[in-house]
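One-letter residues, chain by chain:
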Amino acid sequence: MKSETEVRLGIMGGTFDPIHYGHLVAAEAARAAFELDNVLFVPNRLPPHKKDYPVSEPKHRYLMAVLATITNPYFDVSRIELDRDGISYTIDTLRALRQVYGSTAKLHFISGADAILDLLSWKDVDELLALCYFIAATRPGYQLSDQLLKLQKKYPNRVFRVEVPALAISSTGIRCRVREGKPIKYLLPEPVEYYIYKHGLYSLKK
Ligand code: NAP
């Protein structure tokens, strides 16, 4: 068993409505590039910047994440944000995980570049950057924006990026395809596809 000092944990934060191959490839790419021991998928309960935006029930997003990650021995799914009432601020999650994994564990928060580029507006940003490294997953050809350069300048060696070709897939695109009756096969793991149809998610005919 590894000592606490050696633990390198990836924390894959997102709404995952639904989880898809872009998320899975991003997590695996970050795991390899940053030599992470494990990646913990953390579906949020109430995304901080989408308070008035309807998202699927937490239980559905959690179960789809479990189905999608079940075959990867390095992936796990956490209920930490789903079981916490109120808005899912990342700082609360990182404080809690820091308690669990100890002060010397290397925590890496992974998410979409569009979300991470807004980091300066997140709650307790200085503490966030002190607790954790941030990895922004970008699509190929993504231009380094002024925001990312600003973040990297303000917090040297704390914000990184990993390029993920499969991020051409998006949850929004999948929800639209279901609504329009178009196939979603090969955009996400098959058990997640079946789960969506079984529970009538994203369909107007619910
Ligand atoms: P979002 O706005 O729904 O997503 C922004 C972009 O990033 C979308 O293109 C999205 O694609 C992509 N994305 C989201 N999660 C990803 C992931 N894990 N890997 C790769 N791409 C991803 O973002 P969100 O899901 O609400 O927020 C992302 C994370 O940041 C969550 O954990 C959220 O709680 C956290 N956050 C915290 C604060 C705060 O503490 N104040 C504020 C904002 C966000 P898909 O739609 O295909 O996923």
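Everything below is about the structure shown above.
Reading the values: the criteria
Residues numbered from 1 in each chain as written. Predicted model: local features only at pLDDT ≥ 70, side-chain atom pairs only at ≥ 80, totals over all residues. Heavy atoms only, no water. Helix = DSSP H or I, 4+ residues; strand = E, 2+ residues; numbered from the N terminus. Rg over C-alpha atoms; globule rule 2.2 N^0.38 Å. Contact = heavy atoms within 4.5 Å. Pairing = 2+ DSSP bridges. Axes fitted to C-alpha atoms, helices over the stretch in contact; angles between N-to-C directions. Buried < 20%, exposed > 50% of the residue type's maximum accessible area, 1.4 Å probe, protein only. Right-handed = clockwise from strand over helix to strand, strands pointing away. 1 Å grid on protein atoms, 1.4 Å probe; cavity = no way out; pocket = protein on both sides within 12 Å on 5 of 7 lines; lining within 4 Å. Points joined across faces, edges and corners; volume = space filled by probe spheres on them. Nonpolar A, V, L, I, M, F, W, Y, C, P; charged D, E, K, R; others polar. Core = buried A, V, L, I, M, F, W, Y, C linked by side-chain atoms within 4.5 Å.

Q: I'd like a description of the overall build of the protein, backed by residues and values.
A: A tally of helices and strands in the protein yields eight helices and six strands. Listed by position from the N terminus, the elements making up the protein come as β-α-β-α-β-α-β-α-α-β-α-β-α-α. Taken over the C-alpha trace, the protein has a radius of gyration of 17 Å; the compact-globule value for 206 residues is 17 Å, and the two agree within 12%. Along the first, second and third principal axes, the C-alpha atoms of the protein reach 50 × 40 × 35 Å. Restricting the contact set of the protein to residue pairs at least 6 apart, pairs at least 24 apart contribute 75%.

Q: Talk me through the sheet that holds strand β3 (residues 75-77); I want residue IDs and the actual numbers.
A: Taken in spatial order, the six strands of this open sheet run β3-β2-β1-β4-β5-β6, and their pairing is parallel. At either margin of the open sheet sits one strand with a lone partner, and together these are β3 and β6 (159-163). The mean angle between the axes of side-by-side strands here comes to 25°, regardless of whether they run parallel or antiparallel. Across three bridges, the pairing between strand β2 (residues 38-43) and β3 is parallel. For Leu40, the partnering residue across the bridge sits in β3 and is Asp76.

Q: Can you break down the pairing of strand β5 (residues 133-138) residue by residue, with the values?
A: A large share of β5 lies buried, amounting to six of its six residues. Here β5 shows no split at all, with Tyr133, Ile135 and Ala137 on one side and Phe134, Ala136 and Thr138 on the other all buried. Taken together, the five bridges between β5 and β6 define a ladder with parallel strand orientation. Counted as the bridge partner of Ile135 is Phe160 from β6. In this view, the connection linking β5 to its parallel neighbour β6 by way of helix α6 (residues 146-154) has right-handed handedness.

Q: Would you mind going over the layout of surface pockets in detail, with residue names and values included?
A: The space that makes up the largest pocket amounts to roughly 1100 Å³. Residue lining of the largest pocket: 47 residues in total, with His49, Lys50, Ser111, Gly112 and Ala115 positioned closest to the centre. Of all the secondary structure elements, the ones that give two or more residues to the lining of the largest pocket are β1 (8-14), α1 (21-33), α3 (90-101), β4 (106-112), α4 (113-116), β5 and α7 (171-179). Tallied by class, residues from the lining of the largest pocket come to 21 nonpolar, 18 polar and eight charged.

Q: Let's hear about the nonpolar core: which residues, and what values?
A: Of all hydrophobic cores here, the largest spans 35 residues; its most connected members are Met12, Ile19, Val39, Phe41, Met64 and Ile196. Going through the elements one at a time, α1, β2, α2 (58-69), β3, β5, α7 and α8 (190-198) are the ones with two or more residues in this core. Contacts of Phe41, omitting those with residues within four sequence positions, involve Met12, Phe16, Ile19, His23, Leu24, Ala27, Thr69, Phe75, Asp76, Val77 and Ser78. Ranked by size, the runner-up nonpolar core spans 26 residues in total, among them Leu94, Ala105, Ile116 and Ala136.

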